[in-house]
Every structure is written in C-alpha cells, then in structure tokens.
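The residues making up each chain are set out below.
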Amino acid sequence: MGRRKHFKHIAHNLACTFISRNNDVDGYWGIGKLYSHMDQSGASHVAIDLLTKTIQPPTQDFDTLVEHYATWLSTQIAQNDLPRESLITAEITIACFPNEPTKAFGDYAPHRMNCRIRLEDDKGKVYDAEKNVWCRAHDPQREQKRT
C-alpha cells in the first residue's frame, strides 16, 4: 500500500500537466479555451471536479478534457498503490485575476491565470498545488490547431 504523502506529488504533477501546452481541447490550448469559457459565461473561475466529472460553469465543450484528467488521476492513484476510496475530493480551480499585462508577453498572453489543485483524503488531510500561467482568450484565427 502506497503512502498518502504521494497525494502531494500527484497534486503537483497534475497542476504542471494541466497548465502545459500539451493540455488541448479540440486541438487548441485548454487554458485559452477555459479563459474564453470564463469570459463568455461571466464567471471569475472555472471549477472541475474530477471525481464527479463535472465542470462549473457547466458546458459540454470540456467533457473530453475532464474525462482525460479524471482518468489521469485514477492512473496516478493506481501507480502509487493508493486506495482509490481514500480520495474524497479532487478539484481543479482555474481563476483569472486582475493584473497588469507584462510587456514581455504583450498581446500574446495578457491574462494571468491561477491553477489550483485540491485533493483531500478520507482523513481530512488536504494536498494543494498551485501554478500560474499567462494566456490569452482562444482565437482560432490567431492559433494553429494541433494535429
């Protein structure tokens, strides 16, 4: 049986993977598409529950992304020999907060996003990880679709 401290490593790896350029939705960067979803819905954040496989504010546009990361999490739990039932919360929260665009990124990535992972086990222990990333709203005219 694995040690529960591995949940901290899983949370960190999930945050790194989630903000990665390899996180794509229909061939476009997932963070940019999530930012556009927040902007269009008027929400200040997006919350993804990996155990119930839901996203708030609701949309079906990210069903594949949610399923992918729920499967990724299950695989990590199994590889670390942790009991699946010991995890009672697995949430990804993406929030955009007011910021001054940096000159280095210009119009390329004017929005700063915060990705927070929260895993909680059945003993009440919380394992958090956070990463920040700069992005822009999804625009298929400016972006190349991943093949």
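Everything here concerns the structure above.
As the structure is a computational prediction, the values presented were derived from the model and not from experiment.

A look at the overall build of the protein chain
Tallying secondary structure elements over the protein chain gives three helices and seven strands in all. What you see in the protein chain, going N to C, is helices and strands ordered as α-β-β-α-β-β-α-β-β-β. A burial count over the protein chain gives 41% of its 147 residues as buried. The contacts of the protein chain with a sequence gap of at least 6 include a subset with a gap of at least 24, amounting to 62%. Counting only carbon and sulfur atoms, one obtains 46% of the accessible surface of the protein chain, whose full area is about 8,400 Å².

Quick look at helix α2 (residues 30-41)
Compared with an ideal rise of 1.5 Å per residue, which puts 12 residues at 16 Å, α2 spans 16 Å between its outermost C-alpha atoms and is within 8% of the ideal. For α2, a buried count of nine out of 12 residues is recorded, marking the element as mostly surrounded by other parts of the structure. Every buried residue of α2 is accounted for by Gly30, Ile31, Gly32, Lys33, Leu34, Tyr35, Ser36, His37 and Met38.

Conventions and cut-offs
Residues numbered from 1 in each chain as written. Predicted model: local features only at pLDDT ≥ 70, side-chain atom pairs only at ≥ 80, totals over all residues. Heavy atoms only, no water. Helix = DSSP H or I, 4+ residues; strand = E, 2+ residues; numbered from the N terminus. Buried < 20%, exposed > 50% of the residue type's maximum accessible area, 1.4 Å probe, protein only. Contact = heavy atoms within 4.5 Å. Areas by Shrake-Rupley, 256 points an atom, 1.4 Å probe, with all protein chains shown as cover. Expected span 1.5 Å × (residues − 1).

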